[in-house]
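# Report on the structure
Given next are the chains, with one letter for each unit.
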Amino acid sequence: MGAKICLVGNPNTGKSTVFNLLTGMRQHTGNWSGKTVGSAEGSFVYGGKSMDVVDLPGIYSLNPISEDERYAVDFLSRDDIDTVVVVLDATCLERNLILALQVIDCAEKAIVCVNLMDEARRKNIGVDLEVLHRELGVRVIGTSAGTGEGIGELKKAIYEGGSRCVHSSGGAAFSERAEEIYKKAVDYGCDVYNCLDRKIDRIVMGVWGLPIMLALLGVIFYITVEGANIPSAFLSSCFAAAESRLWELSGFMPLFLRGLLIRGLFRTVGWVVSVMLPPMAVFFPLFTLLEDVGYLPRIAFVLDRFFKRAGAHGKMVLTICMGFGCNAVGVTAARIIESPRERLIAILTNSFVPCNGRFPSIIMLAAIFTAGAGSMSGLGITAAVLAAVSASVIISLAASMLLSRTVLKGVPSSFVLELPPYRKPHILGILYRSLVDRTMFVFGRAVAVAAPAGALIWLLQNIHIGGGSLIFYISDALEPLGRFMGMDGKLLTAFILGMPANEIVLPLAAMCYSGGSYITDIESTASFAQLLCSNGWTIKTAVCTLVFTLCHFPCTTTLLTVKKETGSLKWTAAAFLLPLVTGILLCGIINFIF
Amino acid sequence: MSDAMPLSCIPVGTRGEIVAIKGGFKNRDRLMELGFTKNTEVIPLHTGPGGNPTAYFVRGAVMALRNEDADNIFIRIKEEY
């Protein structure tokens, strides 16, 4: 057992970045308050001594209000912590010092790490570390985690151990004492009203805020739609070639096994990887870029009035944004919402927004609309994707409004949102994190989930009982419901089998349609769309499938997360039924009208 | 307190000083932890589309508050920025 160190501080002071530098790990970081909701543990060795480091969610004080803060404060009161490292934002010391004083006052041993020194220099804010050291009575290290400055010194300080605060605040209120120290140690030379951040804010959060947000999302979607085609076509041709090669090589096997392994298992994995993975791999880093720059809280600011009207919390925008990456992450992120009522609303409605895994399906369905409208241009697809995503947020808001007027009645609680300074994104870090970590994760899941699902579908297609295959009986049973919803039984079967991971739904549907026989190679999103069209798909089918893609039961991972976060089977059932019933009703209405 | 007014009423770009914070204990404590303490300087920076919420500069950070919450904070205007 090495020494136990924990990192605490106000939200968004760069604790996770410091943690990553110390331990060499790759915790997700983001430029907004509340990115870290659980803890991360890592370790490093210095001078032959091993040190375990824990990264905690940001807190404003030792009186926790939200779930993530409670977690951090509970952790701090454990007695096996050797040294507490208080991470402060050099550009915001006047407030950060309040927490620093509180923590130093009760911690056994503490070190103060004044992070973001480079940002402070850029903003013409002078911080005198010597004065801070004298006033606080503990060791003070200046760092810039973005560039790695001061990390060696911090490691050394941690190795040597923190010190117990020698002079307590002597009863004076922490905030007054903080102000006193701040005045001595900081020379604030930044013009808060006219600096660049404020100029950008006045543009992106002013009257044009909403159109600018839509335009930015549009650009991201366009790059995703266009950019995904190239790797998609390449991967498809690789998989198609590999499939026919494997077919030849496996001549010695029984035909049944060959079909199961190659036409069922291998083909489904190939489709998931070649058609679904590229849009996910392009969209994710682009969206992370917005997060890193600090734009997400600005979206929350611009959209707040709509959320207020829906009786939801303004921070729900942040959980929705996390939901674009993964709904399970979005559900966990709801811990940042202080009021239990509004937190529950955010949890229950999160799966209305399309996660990364459903995103490629939306692009594909959008391609079918635009093909129906006579053009296949990327711009048309982008417009349709943007409309679908906007619709998902509107449906999410409508559901929130319904919940807050019925089962989860109450008035909106107070809403305070910190708007972080804009920061230069860590492009390389983002690329590494999304392309390597994320893509490998999705790829691993594709193999783990798509492979058995593909094999299962092939079995269902090829085991015949009394003149019909098993899939025929299943999809036949689902046919009336499918017809009512403007789709068909095969699609519903695919949705049900795709429950472990949404990215396999359309590939499974294509498997059902192709009947396990040899079909033309799926070369890109566009040709995938053509396959669906040749199986009797109309624009109405595409619209209904799109609506059901947005509104259906959450994937199993998300449901398990809801169970964990709410601790209640009742609310987990609600999280399952709310989007499902909404989807069935919406599809039914669309089918009835057209 | 005669010249004190709610934070939500003071125009953008005015320097003000907090003289009192009202509202329930829970709300008040939260606002104080976030840096809205007595005698602290606050500057409204800009309002969102539709006039709500508003972003304020306080103790080195930019915090957005809905007007309903800003109504609980009372300000004395110090000077035009």
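Thresholds, definitions, all that
Residues numbered from 1 in each chain as written. Chains lettered and ligands numbered in written order. Predicted model: local features only at pLDDT ≥ 70, side-chain atom pairs only at ≥ 80, totals over all residues. Helix = DSSP H or I, 4+ residues; strand = E, 2+ residues; numbered from the N terminus. Rg over C-alpha atoms; globule rule 2.2 N^0.38 Å. Buried ≥ 20, exposed ≤ 12 C-beta atoms within 10 Å, placed from the backbone. Pairing = 2+ DSSP bridges. Domains from an automatic or database assignment. Contact = placed C-beta atoms within 7 Å. Nonpolar A, V, L, I, M, F, W, Y, C, P; charged D, E, K, R; others polar. Axes fitted to C-alpha atoms, helices over the stretch in contact; angles between N-to-C directions. Parallel < 35°, antiparallel > 145°, perpendicular 65-115°, else oblique. Left-handed = near helix turned anticlockwise from the far one by under 90°. Core = buried A, V, L, I, M, F, W, Y, C linked by C-beta atoms within 7 Å. Expected span 1.5 Å × (residues − 1). Bend = angle between axes of the 7 residues up to and from the residue. pLDDT = per-residue confidence, 0-100.

## Remarks on the overall build of chain A
From N to C terminus, chain A includes 24 helices and eleven strands. For 594 residues, the compact-globule estimate of 2.2 N^0.38 gives 25 Å, and the C-alpha radius of gyration of chain A, at 27 Å, lies within 12% of that figure. Taking the principal axes of its C-alpha atoms as reference, chain A extends roughly 85 × 55 × 45 Å. Within chain A, buried positions represent 52% of all 594 residues.

## Examining the pairing of strand 3 (residues 49-55) of chain A
All names here are of chain A. Across five bridges, the pairing between strand 1 (residues 3-9) and strand 3 is parallel. Paired with isoleucine 5 across the bridge in strand 3 is valine 53. Two strands pair when backbone bridges link them, and strand 2 (residues 40-46) and strand 3 are joined in this way by seven bridges, in the antiparallel orientation. Bridge assignment links phenylalanine 44 to a residue of strand 3, and that residue is methionine 51. Counted between consecutive antiparallel strands, the loop separating strand 2 from strand 3 contains two residues, among which glycine 47 sits at a positive phi close to 55°.

## Observations concerning the domain arrangement of chain A
All names here are of chain A. Taken domain by domain, chain A comprises domain 1 (3-190) and domain 2 (209-418 + 427-593). Listed as interface residues are 13 residues of domain 1 and, on the opposing side, 16 residues of domain 2. Considering only residue class, the side of domain 1 that touches domain 2 consists of four nonpolar, six polar and three charged.

## So, the sheet that holds strand 5 (residues 110-115) of chain A
Residue and element names in this part refer to chain A. Taken in spatial order, the six strands line up as 2-3-1-4-5-7 in an open sheet, and their pairing is mixed. The sheet terminates laterally at strand 2 and strand 7 (139-142), the two strands that pair on one side only. Strand-to-strand, the axes of this sheet are offset by a mean angle of 25°, without reference to chain direction.

## Looking at the environment of Gly2(A)
Residue and element names in this part refer to chain A. Tracing the chain through its elements places glycine 2 in the segment before strand 1. Between the C-alpha atoms of glycine 2 and alanine 510, which are 508 residues apart in sequence, the distance is 54 Å. Excluding its chain neighbours within four sequence positions, the residues that come into contact with glycine 2 are Ser43, Lys49, Ser50, Met51 and Asp52.

## Details of the packing of helix 22 (residues 539-550) of chain A against helix 24 (residues 569-593) of chain A
All names here are of chain A. Relative orientation of the contacting elements helix 22 and helix 24 amounts to 165°, with a least axis distance of 9 Å. The angle between the axes of helix 22 and helix 24 places the two elements in the roughly antiparallel class. Seen from above, helix 22 lies across helix 24 with right-handed handedness. Residues Val543, Cys544, Val547 and Phe548 of helix 22 lie in contact with helix 24, whose contacting residues are Gly583, Leu586, Cys587, Ile590 and Asn591. Tallied by class, residues from the contact of helix 22 with helix 24 come to seven nonpolar, two polar and no charged.

## Side note on the nonpolar core
In a soluble, globular protein the nonpolar side chains are often hidden away together inside. Residue and element names in this part refer to chain A. Grouped together as the largest cluster of nonpolar side chains are 197 residues, with contacts concentrated most on Val86, Val112 and Cys113. The element that contributes the greatest number of residues to this core is helix 10 (residues 255-293), accounting for 16 residues. Counting contributing residues per domain, this core is built from domain 1 (3-190) and domain 2 (209-418 + 427-593), each supplying no fewer than three. Not counting residues within four places of it along the chain, the set of residues in contact with valine 112 comprises Val86, Leu88, Ala100, Leu132, Leu136, Val138, Arg139 and Val140.

## Comments concerning unusual backbone geometry
Cis geometry marks the peptide bond from Asn52(B) to Pro53(B), where omega comes out at -5°. Within the secondary structure, Pro53(B) sits in the loop between strand 3 (41-47) and strand 4 (54-58). Of note in this structure, Asn12(A) is not a glycine but carries a positive phi near 60°. Positioned with a positive phi, Leu116(A) is a non-glycine residue whose angle comes to about 60°. Its place among the elements puts Leu116(A) in the loop between strand 5 and helix 4 (117-122).

## Let's talk about helix 18 (residues 470-484) of chain A
Residues and elements named next belong to chain A. Across its 15 residues, helix 18 extends 22 Å between first and last C-alpha, which sits within 8% of the 21 Å expected from 1.5 Å per residue. The largest bend in helix 18 amounts to roughly 45° and is located at leucine 478, with the proline proline 480 lying one to four residues further along. Every buried residue belonging to helix 18 is among Ile471, Ser475, Leu478 and Gly482, and all of these are buried. Here the buried face of helix 18 lies against helix 17 (427-462), strand 11 (468-469), helix 19 (489-497) and helix 20 (505-514). Once helix 18 finishes, glycine 486 follows within two positions and takes phi at roughly 75°, a positive value.

## What to know about the interface of chain A and chain B
Contacts between chain A and chain B engage 31 residues on the former and 28 residues on the latter. Within the residue set of the side of chain A that touches chain B, elements represented by two or more residues are helix 3 (93-106), helix 8 (196-204), helix 9 (209-249), helix 11 (296-309) and strand 9 (416-419) of chain A. Top element by residues in the side of chain A that touches chain B is helix 11 of chain A. It accounts for five residues.

## As for the packing of helix 17 of chain A against helix 20 of chain A
Residue and element names in this part refer to chain A. Taken N-terminus to C-terminus, the directions of helix 17 and helix 20 make an angle of 20°; their axes are 10 Å apart at the nearest point. Judged on the interaxial angle alone, helix 20 and helix 17 are roughly parallel. For the element pair helix 17 and helix 20, the recorded crossing hand is right-handed. From helix 17, Ala450, Ala453, Gly454 and Ile457 reach across to helix 20, where they touch Pro507, Leu508, Met511 and Cys512.

## Quick word on the confidence of the model for chain B
Residue and element names in this part refer to chain B. Looking at chain B, the pLDDT average stands at 85 and 94% of residues meet or exceed 70. Confidence scores differ between elements of chain B, with helix 1 (residues 25-33) showing the lowest mean pLDDT of 79 and strand 4 the highest of 94. The ipTM assigned to the predicted complex is 0.92, against a pTM of 0.88.

## Structural notes on the confidence of the model for chain A
The predicted model of chain A has a mean per-residue pLDDT of 88, with 95% of residues at 70 or higher. The secondary-structure element of chain A with the lowest mean pLDDT is helix 21 (residues 525-533) of chain A, recorded at 69, while helix 24 of chain A shows the highest, at 96.

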